Structure formats: structure tokens, C-alpha cells
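One-letter residues, chain by chain:
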Amino acid sequence: MSSHQRTQGYVPGAWGSSLPPAAPSFAAFAPDGAGAGFAGVGARAALDAARTAAAAPGARPEYATSFAPPEDPRAREARAQEEALAATRAAAARTEAERIERENSGGPPRLRTVVLPHATLPRFLAIASANSARNLETCGLLLGRENTRTRYVVETLLIPKQHATSDTCTMDEEEGVLGFTEGRGLITLGWIHTHPSQSCFMSSVDLHTHASFQRMLPESFAVVCAPKSDPNFGIFRLTDPPGLQTVLKCTAKQAFHPHPDVPIYTDADRGHVQMREAPLEIVDLR
Ligand SMILES: [Zn+2]
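About the thresholds
- Residues numbered from 1 in each chain as written.
- Predicted model: local features only at pLDDT ≥ 70, side-chain atom pairs only at ≥ 80, totals over all residues.
- Heavy atoms only, no water.
- UniProt positions renumbered as here; feature names shortened; annotations may be inferred.
- Helix = DSSP H or I, 4+ residues; strand = E, 2+ residues; numbered from the N terminus.
- Buried < 20%, exposed > 50% of the residue type's maximum accessible area, 1.4 Å probe, protein only.
- Contact = heavy atoms within 4.5 Å.
- Areas by Shrake-Rupley, 256 points an atom, 1.4 Å probe, with all protein chains shown as cover.
- Salt bridge = Lys/Arg side-chain N within 4 Å of Asp/Glu carboxyl O.
- Phe/Tyr/Trp six-rings, centres within 6.5 Å; stacked < 30°, edge-to-face > 60°.
- Donors = N, O, S within 2.8 Å, 3.2 Å for Na, K, Ca; no water.
- Tetrahedral: all angles 85-135°; square planar, octahedral: opposite > 155°, others 65-115°.
- Core = buried A, V, L, I, M, F, W, Y, C linked by side-chain atoms within 4.5 Å.
- pLDDT = per-residue confidence, 0-100.
- Pairing = 2+ DSSP bridges.
- Right-handed = clockwise from strand over helix to strand, strands pointing away.

- If you look the chain up in an unreviewed UniProt entry, it shows as MPN domain-containing protein from Mycena belliarum.
- For the record of the chain, the UniProt heading Cofactor (unreviewed entry) holds the text "Zn(2+)".

### A few points about the overall build of the chain
Working step 1: Regarding its fold elements, the chain presents 10 helices and 11 strands.
Working step 2: Across the 286 residues that make up the chain, the buried fraction comes to 34%.
Working step 3: Contacts in the chain between residues far apart in sequence, at least 24 positions, make up 70% of those at least 6 positions apart.
Working step 4: For the chain, the computed accessible surface area is about 16700 Å², with 56% contributed by carbon and sulfur atoms.

### Let's talk about the environment of Pro279
Working step 1: One can find Pro279 in the loop between strand S10 (273-276) and strand S11 (281-284).
Working step 2: Sequence separation between Pro279 and Pro117 is 162 residues; the distance between their C-alpha atoms is 6.5 Å.
Working step 3: For Pro279, the residues in contact, after removing those within four places along its chain, are Pro117, Val154 and Glu155.

### So, the pattern of salt bridges
Working step 1: The final tally for this structure, using the stated rule, is six salt bridges.
Working step 2: One salt bridge in this structure joins Arg145 and Glu155, with 3.1 Å as the shortest N-O distance. Within this pair, whereas Arg145 is found in strand S2 (residues 139-148), its partner Glu155 is found in strand S3 (residues 151-159), the two being separated by 10 residues in sequence.
Working step 3: With relative accessibility at 28%, the residue Glu155 sits in the partly exposed group.

### Observations regarding the packing of aromatic side chains
Working step 1: Taken as a whole, this structure holds two aromatic pairs when the rule is applied.
Working step 2: Ring centres of Trp191 and Phe213 lie 5.9 Å apart, and the angle between their planes is 15°; on these two criteria the pair is classed as stacked. Taken as a pair, Trp191 in strand S6 (residues 187-194) and Phe213 in helix H9 (residues 204-214) lie far apart in primary sequence, 22 residues in all. As far as the burial class goes, Trp191 and Phe213 line up, both buried.
Working step 3: Judged by centre distance (5.1 Å) and plane angle (85°), the rings of Phe236 and Tyr265 are edge-to-face. Of this pair, Phe236 sits in strand S8 (residues 233-238) while Tyr265 sits in strand S9 (residues 265-267), and the two are 29 residues apart along the sequence.

### Side note on the coordination of the zinc ion
Working step 1: For the zinc ion, the full set of protein donor atoms is His208 (NE2), Cys250 (SG), His257 (NE2) and His259 (NE2), and the range of their distances to it is 1.8 to 2.4 Å.
Working step 2: Coordination at the zinc ion comes from four donor atoms whose angles at the metal span 100 to 116°, giving a geometry best classed as tetrahedral.
Working step 3: In primary-sequence terms, the residues that donate to the zinc ion follow H-x41-C-x6-H-x1-H. Of this pair, His208 sits in helix H9 while His257 sits in the loop between helix H10 (243-249) and S9; the two residues are 49 residues apart in sequence, bridging distant segments of the chain.

### So, the nonpolar core
Working step 1: Formed by 21 residues in total, the largest nonpolar core has its most connected members in Leu141, Leu158 and Leu238.
Working step 2: Those elements that provide at least two residues to this core are S2, helix H8 (174-184), H9, strand S7 (221-225), S8 and H10.
Working step 3: Sorting elements by how many residues they give to this core places H9 first, with three residues.
Working step 4: Apart from residues no more than four positions distant in its own chain, Leu158 is found in contact with Gly140, Leu141, Leu143, Val177, Phe180, Val283 and Leu285.

### A closer look at the confidence of the model for the chain
Working step 1: In the predicted model, the chain carries a mean pLDDT of 79, and 70% of its residues have values of at least 70.
Working step 2: Here residues 1-43 scores under 50 on pLDDT; set against residues more than four positions off or in separate chains, the count is 33 contacts.

### What to know about the pairing of S7
Working step 1: Taken across its five residues, S7 has five buried, putting it largely inside the fold.
Working step 2: Because side chains alternate across S7, one face comprises the buried residues Phe221, Val223 and Cys225, and the other comprises Ala222 and Val224, equally buried.
Working step 3: Bridge analysis of S6 against S7 gives five bridges, and the strand direction is parallel. Residue pairing in the sheet places Gly190 in a bridge with Phe221 of S7.
Working step 4: Read from S6 through H9 to S7, the crossover connection turns out right-handed.
Working step 5: The pairing of S7 with S8 spans four bridges and is classified as antiparallel. Looking at the pairing, Cys225 lines up with Phe233 of S8.

Put into C-alpha cells, the structure is as follows:
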């Protein structure tokens, strides 16, 4: 049996055991319950399928033409219009169902708002200033929690133990970070780092770092602070699709490398990340 038959209500065995082969056409036009009484669920499903088929445009049941008087041309036209309208409505319903299906499964995720306290940037820049003066990057994690079903709020700027160069920054002792985050029941919502001498952009290294955050939480965002540049900060996320998928699939071995020419990342501060007045705690693990 094909899956098409299965979805159309065809159940093998139900007919064969209870009804002769000719029974479906009888059951199809019998009053409610007459067919179902013979073969239960299978017969009812087939009855429904037959009714659907009979109601389809161009598939008028034979009894209608055999016993009805010749049809008025205006009535035929009205019926054609009705059928066209029904077909349009059915197509619209299918499109809507497909849209909902796409949103719920493969489509781009609908992002929840993330509130980022205004104080985050100036306070992080102050913490980073000693490194920035030596042309070294600094990085921090933005931790928070789910505030309502539609919103996350950043509460804590955590500065992990780390080592850096002028264009990279790597967290050390990640267990300590994990212990802190889990102990407090916090979620990693984003990360922040400086570009002490470069402009404000996401390097390929940054993109790979961020992909591992965003694959865990679609709302994850990256803040880049570039104190010597204008603009001096940016809040970014990978496009999804195609940026997130492109970076996750990338197997380049060199730290800095080009990516395919597709829109890989985008601003998040005019999107789901909103800077507001909100309390911020600083925790420096260094
Ligand atoms: Zn890459």
C-alpha cells in the first residue's frame, strides 16, 4: 500500500473481510452509519474519502446526472464559480498550513528579545582598558536568565581567566566558568570582546566562536568593542540561514580564512537585542 493510499483512508482488510468488492460504491452514497456499520473504522474512512472524491470539481456522482432534470446554464455557471472559490480557499488554507509548518520546523527561528543593560559596554571597556593599552584583546561572557516566556535579561558580565593576542582571545579554565554559570542557574546569552586596534567587525575566528554559541541558543549575540574605531561597537549574530550553517560546515584549518560570499552575519541591536537601563553585576574570575 502506498503512503498516498494510507493518507487517503484506505485500510486493507476492512473491506475484504466484511464487504464484497462492489461495496465501496454502495457505502459511499449510503446514509451516515450504513457503511460504517459493516466494517467499522476502515469503512468510515473510505466513506469519507469517497465523499471527498465525489465533492471534488468535475467528479459529480453519477446519480445526480441520472435522476436530476437538465441543469440550467446559469446554475452550472454559479456552481463553477462556487467550485473555483472553494479551490482558491483550499489552496490558501494549504499555503497557510505550510507557512505554520515551516515556522515550526525548518524555518528561521523567531527570536526572543534579549535585554542588555546600558552599563555593559562602558564597564567592560573600563575592565579591558589595561589590555587594550597593550594591544591585547579582552573577552567576557554575558550571562542572564529567562525573564518571561518572550524575554531574556543579561544580569552578569563574567570575565573568565583568559589569554590573548592583538586579534584573538581564548578562555582558560572553562570548568570554572561552567561551575559559576550552573551554580547560579544562569544562561550564556552572549559574549563580548575588544578589538583593541582593529575596526568593529566579526573576524573568521569570531564567527566560529559565535557559531558554537548560536547553535546552542538562537538568541546568542556577540558584542565587539573597537575603542579606536568608528563605529566603536557592534552587536552581531550569524544569519540563520545561511551564516550559521556556512560557518558550522566550514572546515578551514587556518585560524583566519575567508568564507563564501553570502550574508554571514548581521546586526542584532536593531533586532532582538535591546539596550535598556537594567542592573548589571560584574564577576572577574582572573
Ligand atoms: Zn570558517
